[in-house]
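What the coordinates show
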Amino acid sequence: MTEAKILEHLFAAAAPFIPQGRVIDIREYGSGNVHDTFLVTVGRAHPALDSIGDQHFILQRLNTRVFRRPEAVMGNMRTVTEQGLARNPPDPGRRWELPRVLLTPEGRDLWVDPDGFFWRALSFIEGARTFDTIRDLDHAREVGWALGIFHRLLSDLPPDRLADTLPGFHETPGYLRRYDEVQAKHSYNRSPEADYGISFIRARRAWASVLEDAKAQGKLHLRPIHGDPKINNFMMDTLTGQAVSLIDLDTVKPGLVHYDMGDCLRSGANLQGEETVDLEAVRFDSDICRAILQGYLSQAREFLTENDYEYLYDAIRVIAFELGLRFFTDYLEGNVYFKARHEEHNLARALVQFKLTESIESQETGIRAIIRGLRRPVSFQQ
Ligand code: GN1
Ligand code: MG
């Protein structure tokens, strides 16, 4: 498709959400691995956007191969944002917003194009930006604070008010079963890297169900979670540097807060970022880990149980391992889930997560000591 044709499609997809407005510009936005995301600049705002300042919105084409029930995804998103969360200042004097779902004049939150693709529009958090990696300890504390606020604000929402839009998401044993199936079905190019991945996974199979086992034994409980709190889903105010939003609410659903903690820490404490090609430099930074946890616990201490703390170390290790396993399986399967820029992209991503897992394992004693130290209440000044 030519560029002009693509733009024509994009303008057509934006139009239902902005009936009275004039779209000035549409450009690709962010670095998501699943949906196609665009930033739309409008001449006149959508009625649901603020009259002053809001001149943008986010337009997304949903990946319905991953999210098979787009209506349920939108339902969850609306439950979370409309439950008074959107502009509810969780801490006096602090800015806090969540992206709002923009509706068409008919009140619809999705628009289906003539080819059957689902599109949606979300408000854009102005005056804030995202980062792919953590810059410093203050940034880390802010990220932790924002995840803590998110969990705290959702902590009284019964998890069954949210649909299970991605059955099995973050349940590691299921990803292992999928890996076995794919391995049995697909041939792949033997290489030292692929061999390393296979033996890496083999050595961790028995332990990988640790969170699911604890859940089955009643030690850990389902709560509303974000599902994808990696660093570039936290928006930081461009002036103050403080966290103002946690975006990408597709994966909000019932789950373990451990999935979120593990995901935030495996992402935040990897200063090379998950796309690095410098494998030797990949490590888990325990100072960043401590700072994220400090920020998180300033909000989460009131709802975490003793068992929750017990499984925090495993959560960090298992979610890094699981993401590596997911990337690796997708590589073996021919890149059908994560968008890949080249054939070995998901193999390279998997190796980064495996290296990170090794680094976490080699620092187990230190990480457990950090968690133990932070369990005692400490004052944390914002
Ligand atoms: C995917 O699309 P994106 O970048 O928001 C994935 C996450 C992974 C992440 C790794 C629904 O998120 O689970 O952690 O890639 N989302 C889904 O970058 O599978
Ligand atoms: Mg996501």
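Residues numbered from 1 in each chain as written. Chains lettered and ligands numbered in written order. Predicted model: local features only at pLDDT ≥ 70, side-chain atom pairs only at ≥ 80, totals over all residues. Heavy atoms only, no water.

On to the domain arrangement of the chain, then. Its domain assignment divides the chain into domain 1 (3-124) and domain 2 (137-374). Here the C-alpha centroids of domain 1 and domain 2 sit 26 Å apart. Listed per partner, the contact involves 31 residues of domain 1 and 38 residues of domain 2. Of the roughly 2,900 Å² buried where domain 1 meets domain 2, counting both sides, 56% is carbon and sulfur surface. (Domains from an automatic or database assignment. Contact = heavy atoms within 4.5 Å. Buried area = accessible area lost by both parts, 1.4 Å probe.)

A few words now on the coordination of the magnesium ion (ligand 2). Ligation of the magnesium ion (ligand 2) by protein atoms is provided by Asp228 (OD) and Asp248 (OD), these donors lying 1.9 to 2.0 Å from the ion. Here aspartate 228 is found in the loop between strand S8 (223-225) and strand S9 (234-237), whereas its partner aspartate 248 is found in the loop between strand S10 (243-246) and strand S11 (253-255), with 20 residues between them in sequence. Looking at aspartate 228, the relative accessible area reads 17%, which means it is buried. (Donors = N, O, S within 2.8 Å, 3.2 Å for Na, K, Ca; no water. Helix = DSSP H or I, 4+ residues; strand = E, 2+ residues; numbered from the N terminus. Buried < 20%, exposed > 50% of the residue type's maximum accessible area, 1.4 Å probe, protein only.)

For the coordinates displayed, the defined rule picks out 0 disulfides. Take cysteine 264: it sits in no disulfide, and the sulfur closest to it among the cysteines is that of cysteine 289, at 9.9 Å. Classification of cysteine 264 by relative accessible area gives buried; the value is 0%. The buried category is assigned to cysteine 289, whose relative accessible area is 0%. (Disulfide = S-S within 2.5 Å.)

Under the 1.5 Å per step criterion, the end-to-end length of helix H8 (residues 286-300) is 20 Å for 15 residues, consistent within 8% with the ideal 21 Å. Listing the buried residues of H8 in full gives Ile288, Cys289, Ala291, Ile292, Leu293, Gly295, Tyr296, Leu297, Gln299 and Ala300. Where the residues of H8 are buried, they touch helix H3 (137-154), helix H7 (257-268), helix H9 (306-310), helix H10 (312-333) and helix H12 (364-375). Capping the start of H8 is the job of one residue whose side-chain oxygen sits 2.9 Å from the backbone nitrogen of aspartate 287: aspartate 285. (Expected span 1.5 Å × (residues − 1). Polar contact = N/O pair within 3.5 Å; in protein donor to acceptor, adjacent residues only side chain to side chain.)

Attention now moves to the site of ligand 1. Contacts to ligand 1 come from 17 residues, most closely from Asn33, Lys230, Glu274, Arg326 and Tyr337. One of the side-chain N or O atoms of aspartate 228 is found 2.8 Å from an oxygen atom in ligand 1. Here ligand 1 loses 95% of its free accessible area of 440 Å² to cover by the protein chains. Ranked by residue count, the leading element in the shell around ligand 1 is H10, at 3 residues. Split by residue class, the shell around ligand 1 holds 7 nonpolar, 3 polar and 7 charged. (Near = heavy atom within 4 Å. Areas by Shrake-Rupley, 256 points an atom, 1.4 Å probe, with all protein chains shown as cover. Nonpolar A, V, L, I, M, F, W, Y, C, P; charged D, E, K, R; others polar.)

Attention now goes to the packing of aromatic side chains. Summed over the entire model, instances satisfying the criterion amount to 13 aromatic pairs. An angle of 80° between the planes, with centres 5.7 Å apart, marks the rings of tyrosine 29 and phenylalanine 124 as edge-to-face. Separated by 95 residues along the polypeptide, tyrosine 29 in the loop between strand S1 (23-28) and strand S2 (36-42) and phenylalanine 124 in the loop between strand S6 (118-123) and strand S7 (128-129) bring together distant segments of the chain. Taking the relative accessible area as the measure of exposure, tyrosine 29 reaches 28% and is therefore partly exposed. Accessibility expressed as a relative area gives 12% for phenylalanine 124, which makes it buried. A centroid spacing of 4.5 Å and a plane angle of 25° characterise the contact between phenylalanine 200 and phenylalanine 354, whose relative ring orientation is stacked. (Phe/Tyr/Trp six-rings, centres within 6.5 Å; stacked < 30°, edge-to-face > 60°.)

Before going further, it helps to examine the nonpolar core. Membership of the largest hydrophobic core comes to 101 residues, with the highest contact counts inside it found for Leu211, Phe284, Leu293, Tyr296 and Phe328. Residue assignment places this core across two domains, with domain 1 (3-124) and domain 2 (137-374) each supplying three or more. If near-sequence neighbours (up to four positions away) are discounted, phenylalanine 328 is found in contact with Tyr179, Ala194, Gly197, Ile198, Ile201, Asn346, Leu347, Ala350 and Phe354. Phe17, Phe38, Val40 and Ala121 belong to the second-largest nonpolar core, a separate cluster that totals 15 residues. (Core = buried A, V, L, I, M, F, W, Y, C linked by side-chain atoms within 4.5 Å.)

So, about the sheet that holds S7. Reading across the sheet, the 3 strands line up as S7-S9-S10 and stay open at both edges, with antiparallel pairing between neighbours. Both outer strands of the open sheet, S7 and S10, are each paired with one neighbouring strand and no more. In the packing of H3 onto the sheet, the strands contacted are S9 and S10, and the crossing angle to S9 comes to about 120°. (Pairing = 2+ DSSP bridges. Axes fitted to C-alpha atoms, helices over the stretch in contact; angles between N-to-C directions.)

This part is about the packing of H7 against H10. At a minimum axis distance of 8 Å, the contact between H7 and H10 shows a crossing angle of 70°. Here H7 lies roughly perpendicular to H10, going by the angle between them. Note on packing geometry: the crossing formed by H7 with H10 is right-handed. Contact with H7, carried on its side by His258, Tyr259, Met261, Gly262, Asp263, Leu265 and Arg266, involves Leu312, Ala315, Ile316, Ile319, Ala320 and Leu323 of H10 and no other residues of that element. Class assignment of the residues belonging to the contact of H7 with H10 gives a composition of 9 nonpolar, 2 polar and 2 charged. (Parallel < 35°, antiparallel > 145°, perpendicular 65-115°, else oblique. Left-handed = near helix turned anticlockwise from the far one by under 90°.)

Moving on, we come to the side chain of threonine 357. Assignment of secondary structure puts threonine 357 in helix H11 (residues 345-362). For threonine 357, a relative accessible area of 0% corresponds to the buried category. Setting aside residues no more than four positions away along its own chain, threonine 357 makes contact with Phe200, Arg204, Arg317, Ala320 and Phe321.

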